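Descriptive structure summary
Below are the chains, spelled out letter by letter.
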Amino acid sequence: MDWLLDNGWILWLVLFLGLAAVETLTLDLFFIMLSVGALGGLVAALTGVGVALQIVVFAVVSLLMILLVRPVAVRHLQKGPADQLDNMDRLVGSVALALEPVTSLSGTVKIGGDTWTARSADGAPLPAGARLSVARIDGATAVVEPAAPGSDRPPATAG
């Protein structure tokens, strides 16, 4: 136990690296803030302060990082042009071709060059070969409706 108290910095180093590794799996900027707190505990241990103060340094630094730095970092990472659509949003309004009948429960459509599972937006069955429009994307399923006459928006391409 004496060795552990004399070499507490090793535990802080392991905690720092472990939390940083967990952050690489979650990518939500929470564990990296705790990791910085563990780095504070490591620095406190290297300066020779007691274990209780090391834990206080860890807690205070972690809390400050979570409350002050994380919101700014998350806001900065989510910033992007307002008119920039993600790949799913780009599909909405695209023309789809029913490869098999589409019902409220199942179906298959081709959007661009990709085959999607689909279901009818209003629950009405849509025949195979029908020209459809993508109303929305729900997970990995395209919710489709009959295409408006004269809608010539080309199918979205994967990108």
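Residues numbered from 1 in each chain as written. Predicted model: local features only at pLDDT ≥ 70, side-chain atom pairs only at ≥ 80, totals over all residues. Heavy atoms only, no water.

A closer look at the overall build of the protein chain
Across its full length, the protein chain carries five helices and five strands. Start at the N end of the protein chain and walk to the C end: the helices and strands fall as α-α-α-α-α-β-β-β-β-β. Split into buried and exposed, the 159 residues of the protein chain put 28% on the buried side. If you sum the accessible surface of the protein chain, you get close to 9,800 Å²; carbon and sulfur atoms cover 67% of it. (Helix = DSSP H or I, 4+ residues; strand = E, 2+ residues; numbered from the N terminus. Buried < 20%, exposed > 50% of the residue type's maximum accessible area, 1.4 Å probe, protein only. Areas by Shrake-Rupley, 256 points an atom, 1.4 Å probe, with all protein chains shown as cover.)

A few points about the packing of helix α2 (residues 8-26) against helix α3 (residues 31-46)
Interaxial distance between α2 and α3 falls to 8 Å at its minimum, and their mutual angle equals 170°. In terms of orientation, α2 and α3 fall into the roughly antiparallel class. Read as a crossing pair, α2 and α3 show a hand that is left-handed. From α2, G8, W9, W12, L13, L15, F16, L19, A20, V22, E23 and T26 reach across to α3, where they touch F31, I32, L34, S35, A38, L39, G41, L42, A45 and L46. Tallied by class, the residues present in the contact of α2 with α3 amount to 16 nonpolar, four polar and one charged. (Axes fitted to C-alpha atoms, helices over the stretch in contact; angles between N-to-C directions. Parallel < 35°, antiparallel > 145°, perpendicular 65-115°, else oblique. Left-handed = near helix turned anticlockwise from the far one by under 90°. Contact = heavy atoms within 4.5 Å. Nonpolar A, V, L, I, M, F, W, Y, C, P; charged D, E, K, R; others polar.)

Here's the deal with the packing of aromatic side chains
Enumeration over the complete set of coordinates arrives at two aromatic pairs. Seen from their ring centres, W12 and F58 are 5.4 Å apart, and the 45° between their planes marks the pair as tilted. Of this pair, W12 sits in helix α2 while F58 sits in helix α4 (residues 51-78); the two residues are 46 residues apart in sequence, bridging distant segments of the chain. F58 matches W12 in its accessibility class, with the two residues each being buried. Measuring from centroid to centroid gives 5.5 Å for F30 and F31, while their planes differ by 85°, and the two rings are edge-to-face. A relative accessible area of 31% means that F30 is categorised as partly exposed. (Phe/Tyr/Trp six-rings, centres within 6.5 Å; stacked < 30°, edge-to-face > 60°.)

Some points on the confidence of the model for the protein chain
Per-residue pLDDT for the protein chain has a mean of 87; in total, 87% of the residues score no lower than 70. Per-element confidence in the protein chain is highest for α3, whose mean pLDDT is 96, and lowest for helix α1 (residues 2-6), whose mean pLDDT is 73. (pLDDT = per-residue confidence, 0-100.)

What to know about the pairing of strand β1 (residues 95-98)
Alignment of β1 against strand β4 (residues 131-138), held across three bridges, turns out to be antiparallel. Among the inter-strand pairings, L97 is bridged to a residue of β4, identified as R131. Bridge count for β1 against strand β2 (residues 108-111) is three bridges, and the pairing is antiparallel. For A96, the partnering residue across the bridge sits in β2 and is I111. (Pairing = 2+ DSSP bridges.)

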